[in-house]
Amino acid sequence: MSLYKISVFLIAFVINVTSPTSTDGDDLNVSASVGELKQLSLSPAILDESPVFKSVVDSYSSFNFMSAFPEDLEISGYCTDLLHIFGQRYVAYVNCLVPSARPVKMCHNCFASYGNLIEIYTNISEQTGPGNVSCRDSLLRSDRLMLVYLLYNKLEDIWTLSGCKDCVSKDLQSLTNDTLYFMAVLNQSLTCFEKYQQGNHSELCKECKSTYKSLNELYGGMDKNHTLCIDIEDAMNATRRLWSKNFNCSFPREETVAVIAVSSFMLFLPIIFYLSSFLHSEQKKRKLIHPKRAKSNTSLVNIQDKFS
């Protein structure tokens with residue numbers, strides 16, 4: 001039953017109780033009063049001005065804001081502080097991720113804020129505070145949703161999918177040496193592109209060929225060693241688009257030369273096979289004919305000797 005209907009019912013009840021037994025005229029007055037109440041029930045603005053309505057609302061509001069759970073069900077002040085710090089560091093990490101989405105630089109820019117988030121979550125899930133107070137159950141497992149655990153898990157999945165662990169040190173304090181070296185070589189190529197991009201692109205292809213080749217070789221080695229993260233992959237893809245699409249440059253790669261050589265050999269292999277077979281058969285014919293000639297010559301010499 002709605003609050004409006006409850007108010008109407010209470011007012012009607014008070015009128016019925018306080019009014020004496022009436023005649024037909026009085027019945028008409030009561031009916032009119034009920035009709036007026038029905039009209040009032042259709043007007044929320046009028047009900048807002050009713051003292052009965054206000055008293056009901058005030059009592060409901062007081063119950064809503066003044067209610068509290070027993071102290072043994074509330075989380076401790078220490079856990080409340082940890083939850084507050086977790087929220088601050090969570091927001092800081094997300095605020096770092098969003099601007100680093102394009103171009104992708106999340107591993108380079110956000111490893112420090114991710115480390116801070118891991119630190120506070122570890123305190124919540126594993127550490128104990130003053131008086132041997134543990135916040136794991138009260139903050140992580142006290143309800144079906146487990147919101148804190150869910151929020152942390154989503155950000156941890158992002159870190160894992162991006163492969164940032166391959167570009168950042170294990171203690172999350174700095175980038176790895178391989179990553180720093182790749183960024184240095186990448187900057188050399190980009191500096192060369194910037195220097196020659198205003199002129200003829202053929203000159204750019206010639207002058208920047210060596211640095212770009214070194215960058216490709218370095219990237220290939222890191223790919224084999226599984227030391228790539230999303231930042232390096234995205235930076236390399238962007239550099240390759242500049243080289244091939246924007247500047248229309250190219251150079252033969254070693255694996256391409258090997259493929260062409262093998263393909264050419266396979267193409268000429270049938271020709272070589274049939275040619276060698278033909279030459280071998282001709283040589284065999286000569287060897288078979290030669291003894292016959294030698295035998296006939298020997299017979300002729302013997303006949304001549306016999307007649308002589």
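Relevant structure appears above.
Being a predicted model, the structure only gives us computed values, none of them experimental.

*Asks:* Looking at this model, I keep getting lost on the pattern of salt bridges. Mind explaining?
*Replies:* In total, this model carries 4 salt bridges according to the counting rule given. Here Glu119 and Arg89 are joined by a salt bridge, their closest N and O atoms 3.4 Å apart. Of this pair, Glu119 sits in helix H6 (residues 106-125) while Arg89 is found in helix H5 (residues 77-97), placing the two residues 30 residues apart along the sequence. In this structure, the salt-bridge partner of Asp166 is Lys165, at a minimum N-O distance of 3.4 Å. On the basis of relative accessibility, which here comes to 58%, the residue Lys165 falls in the exposed class.

*Asks:* Just checking my understanding: could you explain the nonpolar core for this structure?
*Replies:* For soluble globular proteins, nonpolar side chains are generally found buried alongside one another. Counting 41 residues, the largest nonpolar core has Phe86, Tyr93, Met106, Leu117, Trp159, Phe182 and Ile232 as its most contacted members. Contributing elements (two or more residues each) for this core: H5, H6, helix H7 (136-140), helix H8 (147-162), helix H9 (177-196), helix H11 (209-224) and helix H12 (230-246). With 9 residues, H6 is the single largest residue contributor to this core. Those residues in contact with Met106 that sit more than four places away from it in its chain are Tyr93, Leu97, Ser100, Phe111, Ile158, Trp159, Ser162, Cys164, Ile230 and Asp231. Counting 11 residues, the second-largest nonpolar core is a separate cluster that includes Phe193, Cys205, Cys208 and Cys249.

*Asks:* What should I look at first to understand the state of the cysteines in this one?
*Replies:* Two cysteines joined by a covalent bond between their sulfur atoms form a disulfide. For the structure on display, the rule yields 6 disulfides. A sulfur-sulfur separation of 2.0 Å characterises the disulfide bridge that pairs Cys167 with Cys229. In this structure, the disulfide formed by Cys167 and Cys229 twists by about -100 degrees around the S-S bond and is classed as left-handed. Placement of Cys167 in the loop between H8 and H9 and of Cys229 in the loop between H11 and H12 is noted, with a sequence separation of 62 residues between them. Residue Cys167 shares its accessibility class with Cys229, and that shared class is buried. Through a disulfide, Cys205 is tied to Cys249; the S-S separation comes to 1.7 Å. The sign of the S-S torsion, about -80 degrees, decides the handedness of the disulfide formed by Cys205 and Cys249: left-handed. One end of the pair, Cys205, is in helix H10 (residues 201-207); the other, Cys249, is in the loop between H12 and helix H13 (254-307), and 44 residues separate them in sequence. This pair shows no difference in class: Cys205 is buried, exactly as Cys249 is. Disulfides within the protein link the bonded cysteines, taken in sequence order, as 1-5, 2-4, 3-6, 7-11, 8-10, 9-12.

The rules behind each value
Residues numbered from 1 in each chain as written. Predicted model: local features only at pLDDT ≥ 70, side-chain atom pairs only at ≥ 80, totals over all residues. Heavy atoms only, no water. Salt bridge = Lys/Arg side-chain N within 4 Å of Asp/Glu carboxyl O. Helix = DSSP H or I, 4+ residues; strand = E, 2+ residues; numbered from the N terminus. Buried < 20%, exposed > 50% of the residue type's maximum accessible area, 1.4 Å probe, protein only. Core = buried A, V, L, I, M, F, W, Y, C linked by side-chain atoms within 4.5 Å. Contact = heavy atoms within 4.5 Å. Disulfide = S-S within 2.5 Å.

Remember that the coordinates give geometry; whether it matters functionally is a separate question.
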